[in-house]
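Descriptive analysis of the structure
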Amino acid sequence: MTMASSSWSTWLREPNPASRLQSRLVQAWLSWLRFRRNPLAMIGLAISVALVLMSIFAPLLAPYDPIAQALGNRLLPPGTPGHWMGTDDFGRDIWSRILFGSRITLYIVLLVILTAPVVGLIIGTVAGYFGGWIDQVLMRITDIFLAFPKLILALALVAVLGPGMVNAVLAIALTSWPPYARVARAETLTVRNSDYIAAVKLQGAGAMRVILGHVMPMCLPSVIIRVTLDMAGVILTAAGLGFLGLGVQPPMPEWGLMISAGRKFLFEQWWVATMPGLAIFIVSLGFNLLGDGLRDVLDPRSSGR
Amino acid sequence: MGDVMALIEIENLSVTFNANGRRVRAVEAVSLKVGEKASFGLVGESGSGKSTILRAICGLAPVSAGRIRIGGEAVQSPRGKAFSAQVQMVFQDPYASLHPRHTVDRTLSEPLAIHGIGDRDARVMTALTDVGLPTSFRFRYPHQLSGGQRQRVAIARALMLKPQILLLDEPTSALDASVQAEVLNLLMRLREERGLTFLMVSHDLAVIDHMCDRVLVMQNGRAVEELSRTALASAQMQTDYARSLFAASADRMLEG
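The paragraphs below set out a description of the structure included in this document. (Residues numbered from 1 in each chain as written. Chains lettered and ligands numbered in written order. Predicted model: local features only at pLDDT ≥ 70, side-chain atom pairs only at ≥ 80, totals over all residues.)

**Quick notes on the overall build of chain A**
Let me state the cut-off plainly: Each helix is a run of DSSP H or I of at least 4 residues and each strand a run of E of at least 2, with the numbering of both proceeding from the N terminus. Exposure in this text rests on C-beta crowding, where 20 or more other C-beta atoms within 10 Å of a residue's own make it buried, 12 or fewer make it exposed, and counts in between make it partly exposed. The C-beta atoms are placed from the backbone. For the purpose of contact definition, each residue receives a C-beta atom placed from its backbone, and two residues are in contact when these atoms lie within 7 Å.
A count of helices and strands for chain A gives twelve helices and zero strands. Helices and strands appear in chain A in the N-to-C order α-α-α-α-α-α-α-α-α-α-α-α. The buried share of chain A, taken over its 305 residues, is 41%. Taking all contacts inside chain A whose residues are at least 6 apart in sequence as the whole, residues at least 24 apart take part in 68%.

Right, here's the structure in full:
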C-alpha cells in the first residue's frame, strides 16, 4: 500500500511527463498541493462536497418524507425526539426538507454555472479578440443587461415566463452572464497582442482556433474564480425568487420558499425560517471560501508563468 | 549580389501606427533585398523601426505605403497559409512567445494541426532533437523550462512547417551571454543544414557580424546605410551614425 502510494506520488511529481494526461495531472496535483495549504479554502471545499453528498444521499439520510403532511406534529421545536430541527406549520420535518432542498439548490446552481459562464466567455472573448464594431455591439448589449439590478430583471423575466424552477434557472442565467463577458473581454484584451497569439496567427490559424484554443484557456481561470464567487449569489437569487413566490413552487422544499413560509410565525416559532436560512448561509459561505482558495491557485498572475 | 533573384524584396516600405489619433511613423520608405539563402541583418537602437519591418512582413503591423514581395510575388493580405509555410518568425522574448498553458508538445503540434499535416508524434520528436532538446521535455510546460530552452522551443516551432525564410527578432537579447552563443550557433547550424534565408534584427553589431552577410543600419525609422560583411569587418562606414554604432560594439566584435 505504501509502496503503491509513494510510486503514485513520484509519478505525479515527474518533471518529465511521458504523456499529455500525465502532464495535466502533474499540474493538477501541484495546484492541489497549493490549494491544500489554505485552511479556509479547505473548509469551503468541505462544505461544497458535503452539499453534493447531502443531495445525492438525501433519500437515505432523510428520516421523513419532505412533502407528506402530519398536522398532528405542527411546529414542534428543535430538539424534539425524531425532529432535531423541529417541524414546520404542516408538521413536515425541517431536516428532511433541508436535505431534499439541497438537491434543488444544487440543480439550480449547476444549471446556471453550465450556461451563464459559457455564454459570457464566448461573448467576451469574441468581443475582445475582434474589437471594433463587434466589440461595441456586444459590449453595449452587455451594458444594457448590467444596468438592471439582477433580481429585478429576473423578476421581470419570471413574470413573463411564469413561475417555476426551470424558468427561475433561465432567468438567473440570463441575468448573470454579463459579468463573465466583462471578465473574459478584459482578459482577452491583455492576451490579444501577446507574442504567442501573434505566433499562432503567423502559423495560419483562423480566428476560431485562436479564440478557442489560445485565448479561452487564458480567460478560464478568471471566469472560474468569478463563478465560484458568484455561486453564493445564484443561491441567494434563487432563494429570493422562491421567497417572493416566483421560483420553485410549493410544496417543493426549496430553501427560500421555506424561509418565506416561516416568516408568518418568525417570532413565536423562529426555527421554521431560521433553519433554511442557516443552510443558505453555510452553503454561500462555503462557495465563497472555495472561490477565494481557487483564486490563489488558478490566478495566472500569482502562480507564475 | 543585387542581380541575383531576391527572395525577400521590400520597396519603399512605410509603417504608420495610429496612437490615440496621433500618427506615429515607425518606418519610412525603407527598401531592402535579401537573396536566397542569404542572411541579412537590421541594426539600430531601440525605436529605430527594425522590428516593425519584420512585423510588417508578417502582417502584424499596418503597412501604409510600399511593397513587400516574397519569392517575386506580392504578399497577400491577410497572409494566409501558403505564406505561413514559407515565412516564420522567432520572437525576441521567449518568456512571452510560448503559450503559458500549452505543453511543448501542443505548441509544436499546433502548426501541424493547422496545416493538416499528419505523423505529428514523430515530427515533434524530430523537431526537439533538431534544436538540441531532450525528447523527455516534450510534455513540459514553458514555466518548467529555462530561457534558452524556451527559445529553442520557439525556434523548433518556427521550423515545424519547414519554411524557407526565418525572421529573427533579436532572438538572443533576452538570454544570458553564455546561452546567447549557444542559440546563435544553433541558428547558424540550422541555416546551413536547411538552406534557410535569415532576416535578423539586432541592436548588437557583434551578433550581426557573427551571423549576417549584409547589414542595413537604421535610425528613426529610416535606412541609414547598407554594408557588406567585409565593409563591416574593415570598418568602412560612410555615415557617422553607422560609425558610432560600430564603435560602441567594436570591442566585443574583435574578441569574437
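**What to know about the overall build of chain B**
Worth spelling out the cut-off: Radius of gyration: C-alpha atoms only; globule rule: 2.2 Å multiplied by the number of residues to the exponent 0.38.
A tally of helices and strands in chain B yields nine helices and ten strands. Over its C-alpha atoms chain B spans a radius of gyration of 18 Å, differing by no more than 12% from the 18 Å that the globule rule assigns to 256 residues. Taking the principal axes of its C-alpha atoms as reference, chain B extends roughly 50 × 45 × 40 Å. Expressed as a percentage of its 256 residues, the buried residues of chain B come to 45%. Within chain B, contacts between residues at least 6 apart in sequence are counted, and of these 68% link residues at least 24 apart.

**Some points on the sheet that holds strand S4 (residues 63-70) of chain B**
Residue and element names in this part refer to chain B. Here is the rule: Each pair of strands is called paired provided DSSP finds at least two bridges between the two strands. Axes here refer to lines fitted to C-alpha atoms; in helices the fit is confined to the stretch in contact. Angles between the N-to-C directions go from 0 to 180 degrees.
Reading across from one edge, S2-S1-S4-S5 is the order of the four strands in this open sheet, with antiparallel pairing throughout. Each having just a single partner strand, strand S2 (22-35) and strand S5 (73-74) make up the two edges of the open sheet. Bridge count for strand S1 (residues 6-19) against S2 is ten bridges, and the pairing is antiparallel. In the sheet register, Ala6 faces S2, and the bridge partner there is Gly35. Docked against the sheet, helix H1 (residues 50-57) engages S1, S2 and S4, running at close to 75° with respect to S2.

**Examining the packing of helix H8 (residues 165-192) of chain A against helix H10 (residues 207-243) of chain A**
Residues and elements named next belong to chain A. For clarity, the cut-off: For this classification, under 35 degrees means roughly parallel, over 145 means roughly antiparallel, 65 to 115 means roughly perpendicular, and everything else is oblique. Crossings are assigned a handedness: left-handed for a near helix turned anticlockwise from the far helix by less than a right angle, right-handed for a clockwise turn.
Packing of H8 against H10 brings their axes to within 9 Å, and their N-to-C directions diverge by 155°. Looking at the two axes, H8 sits roughly antiparallel to H10. The way H8 lies across H10 gives a crossing that is right-handed. Contacts between H8 and H10 involve Ala168, Ile172, Ser176, Pro179, Tyr180, Val183, Ala184, Glu187, Thr188 and Val191 on the former and, on the latter, Val215, Met218, Cys219, Ser222, Val223, Arg226, Asp230, Val234, Thr237, Ala238 and Leu241.

**Looking at the interface of chain B and chain A**
Keep this limit in mind: The nonpolar class holds Ala, Val, Leu, Ile, Met, Phe, Trp, Tyr, Cys and Pro. Asp, Glu, Lys and Arg form the charged class, and all remaining residues, Gly among them, are polar.
Every contact between the two is made by 31 residues of chain B and, on the other side, 26 residues of chain A. Elements with a minimum of two residues in the side of chain B that touches chain A: helix H2 (80-86), strand S6 (87-90) and helix H3 (104-114) of chain B. Sorting elements by how many residues they give to the side of chain B that touches chain A places H3 of chain B first, with four residues. Each residue belonging to the side of chain B that touches chain A can be placed in one class, and the counts come to 14 nonpolar, ten polar and seven charged.

**Focus: the packing of helix H3 (residues 39-56) of chain A against helix H5 (residues 94-130) of chain A**
Residues and elements named next belong to chain A. Between H3 and H5, whose axes approach to 8 Å, the crossing angle comes to 115°. As the angle between them shows, H3 and H5 are arranged roughly perpendicular. By crossing handedness, the relation of H3 to H5 is classed as left-handed. When H3 is examined against H5, the residues Leu51, Val52, Met54 and Ser55 are found in contact with a partner set consisting of Leu99, Ser102, Arg103 and Leu106.

**Structural notes on unusual backbone geometry**
A cis amide bond links Pro250 of chain A with the next residue in sequence, Pro251 of chain A, at an omega value of 10°. Within the secondary structure, Pro251 of chain A sits in the loop between H10 and helix H11 (255-262). The residue after Ser77 of chain B, namely Pro78 of chain B, is reached through a cis peptide bond having omega -5°. Here Pro78 of chain B lies in the loop between S5 and H2.

**A closer look at the environment of Tyr95 of chain B**
Residues and elements named next belong to chain B. Checked against the element boundaries, Tyr95 lands in the loop between S6 and H3. Looking at Tyr95, the number of C-beta atoms within 10 Å reads 16, which means it is partly exposed. Taking C-alpha positions, Tyr95 is 8.5 Å from His143, a pair spaced 48 residues apart along the chain.

**Points about the environment of Leu21 of chain A**
All names here are of chain A. Relative to the elements of secondary structure, Leu21 occurs in helix H2 (residues 20-36). Looking at Leu21, the number of C-beta atoms within 10 Å reads 10, which means it is exposed. On a C-alpha basis, the gap between Leu21 and Pro63 in space is 43 Å, while along the polypeptide they are 42 residues apart.

The analysis is restricted to geometry; functional conclusions fall outside its scope.
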